[in-house]
Amino acid sequence: MLPIAYSEFAQIFRNRAVLISNLVMPLLASAFFIYQRDSFAQIGSLGYIAAVLVFTVGAFSLYTTAVTTLSARRQDLFLKRLRSTAAGDPAILSGLTLPVALTALVQVVAILVIFAVVSGGPADVVLLAVAILATFVMMLALALATAGVTGSPEQAQVTTLPISLLVIAVASWVGITGTESLTLLKRLLPGGSATELIVNTWNGGVPLAESLPLLAPTLGWVVVAIVLALRLFRWEPRR
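Residues numbered from 1 in each chain as written. Predicted model: local features only at pLDDT ≥ 70, side-chain atom pairs only at ≥ 80, totals over all residues. Heavy atoms only, no water.

Under an unreviewed UniProt entry, the name given to the protein is ABC transporter membrane protein, and the source organism is Actinoplanes friuliensis DSM 7358. Under the heading Subcellular location (unreviewed entry), UniProt records this for the protein: "Membrane". (UniProt positions renumbered as here; feature names shortened; annotations may be inferred.)

## Quick notes on the pattern of salt bridges
Where side chains of opposite charge bring their charged atoms close, a pairing between them can arise. For the structure shown, the criterion picks out three salt bridges. Between Lys80 and Glu236 there is a salt bridge, with its nearest N and O atoms 3.8 Å apart. Remark: Glu236 occurs in the segment after α13 (215–232) and Lys80 occurs in helix α5 (residues 78–83); sequence separation between them is 156 residues. What makes Glu236 partly exposed here is its relative accessible area of 36%. (Salt bridge = Lys/Arg side-chain N within 4 Å of Asp/Glu carboxyl O. Helix = DSSP H or I, 4+ residues; strand = E, 2+ residues; numbered from the N terminus. Buried < 20%, exposed > 50% of the residue type's maximum accessible area, 1.4 Å probe, protein only.)

## With respect to the UniProt feature "transmembrane region" (unreviewed entry) in the protein
On the UniProt side, "transmembrane region" (unreviewed entry) is annotated at positions that read residues 17–35, 47–70, 91–119, 125–146, 158–176 and 214–233 here. Taken end to end, residues 158–176 comprises 95% helix and 0% strand; its first and last C-alpha atoms sit 28 Å apart. Secondary structure across residues 214–233 comprises 90% helix and 0% strand; the distance between its end C-alpha atoms is 29 Å.

## Observations regarding the nonpolar core
Membership of the largest hydrophobic core comes to 48 residues, with the highest contact counts inside it found for Leu53, Leu112, Phe136 and Ile198. Among the secondary structure elements, those contributing two or more residues to this core are α2 (16–35), α4 (46–75), α6 (89–119), α7 (125–147), α9 (161–177), α11 (192–203) and α13. Counting residues per element, this core draws most heavily on α4, which supplies 14 residues. When residues no more than four places from it in sequence are discounted, the contact partners of Phe136 are Val54, Val57, Gly58, Leu62, Ala104, Leu105 and Val108. In this structure, Leu93, Leu96, Phe233 and Trp235 belong to the second largest nonpolar core, which totals nine residues. (Core = buried A, V, L, I, M, F, W, Y, C linked by side-chain atoms within 4.5 Å. Contact = heavy atoms within 4.5 Å.)

## Structural notes on the packing of aromatic side chains
In this structure the tally under the stated criterion is three aromatic pairs. For the ring pair Phe233 and Trp235, a centre distance of 5.2 Å and an interplane angle of 80 degrees mean the geometry is edge-to-face. Comparing Phe233 with Trp235 shows no difference in burial state: the two are buried. Arg74 extends its terminal NZ or CZ atom over the ring of Phe233, reaching a point 5.3 Å from the ring centre. (Phe/Tyr/Trp six-rings, centres within 6.5 Å; stacked < 30°, edge-to-face > 60°. Lys NZ or Arg CZ within 6 Å of the ring centre and 35° of its normal.)

## Points about the packing of α7 against α11
At their nearest, the axes of α7 and α11 sit 9 Å apart, and the two run at 160 degrees to each other. Relative to α11, the element α7 is oriented roughly antiparallel. Crossing handedness for the pair α7 and α11: left-handed. Taken together, the residues of α11 that come into contact with α7 (itself represented by Leu127, Leu128, Ala131 and Thr135) are Ala194, Leu197, Ile198, Thr201 and Trp202. Of the residues belonging to the contact of α7 with α11, the class tally is seven nonpolar, two polar and no charged. (Axes fitted to C-alpha atoms, helices over the stretch in contact; angles between N-to-C directions. Parallel < 35°, antiparallel > 145°, perpendicular 65-115°, else oblique. Left-handed = near helix turned anticlockwise from the far one by under 90°. Nonpolar A, V, L, I, M, F, W, Y, C, P; charged D, E, K, R; others polar.)

## Structural notes on the side chain of Thr195
Within the secondary structure layout, Thr195 lies in helix α11. Looking at Thr195, the relative accessible area reads 0%, which means it is buried. A polar atom in the side chain of Thr195 sits 2.7 Å from the backbone oxygen of Gly191. The residues touching Thr195, leaving out its near neighbours within four places in the chain, are Ala51, Phe55, Ala171, Val174 and Gly175. (Polar contact = N/O pair within 3.5 Å; in protein donor to acceptor, adjacent residues only side chain to side chain.)

## Re the environment of Gly44
Relative to the helices and strands, Gly44 resides in the loop between α3 (37–43) and α4. We classify Gly44 as partly exposed; its relative accessible area is 29%. When the C-alpha positions of Gly44 and Thr201 are compared, they lie 15 Å apart, and in sequence the two are 157 residues distant.

Following this line, the structure appears as structure tokens:
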């Protein structure tokens, strides 16, 4: 797994298109939200801004880049060649997605640290970290499922849009309006319960016993995405 991960990490910084989508776009979007934090806090809260920052990185740095990477490696038959080695399927997929995941994780930590410095830190750092990890696992699982219906890196620009826009829209909806109304719907949508948890951990005031159950819908989406990935993922280009 580690040799595959090392090779893939080098590829990220050699591919300008991936570098832009993986690093530049999320950083620019995050810089905008942090710069306009006072305006956004008036319609939501600081926790809402934190949730949007997490999902911006999760949608573009992690999800979109992972789908693009996997479809590119399938198209150039690299996936097929890897399966002829001693590495198992989990090791191959882990090696290919680990650099993307680590890059996204470093990004979101750096962005949230900057946000905390200029606006005040979260009320519960540990639970916030758990919420971010659960969110990133969900986005990575969704990337594996989406890669199954993505035939090329060019198609990834289209196939990743629905989920990317959906999770950011849900994060904005839940972050601004809360979950006092349409509670079940908002929590069951992908990213809904994770947004509520991030908002709670940043703003504070919600007991731990009420916050932990919010992890369940996010983990449920992980299971759904993995089941879809097992059915849809292809190791060779479609003929």
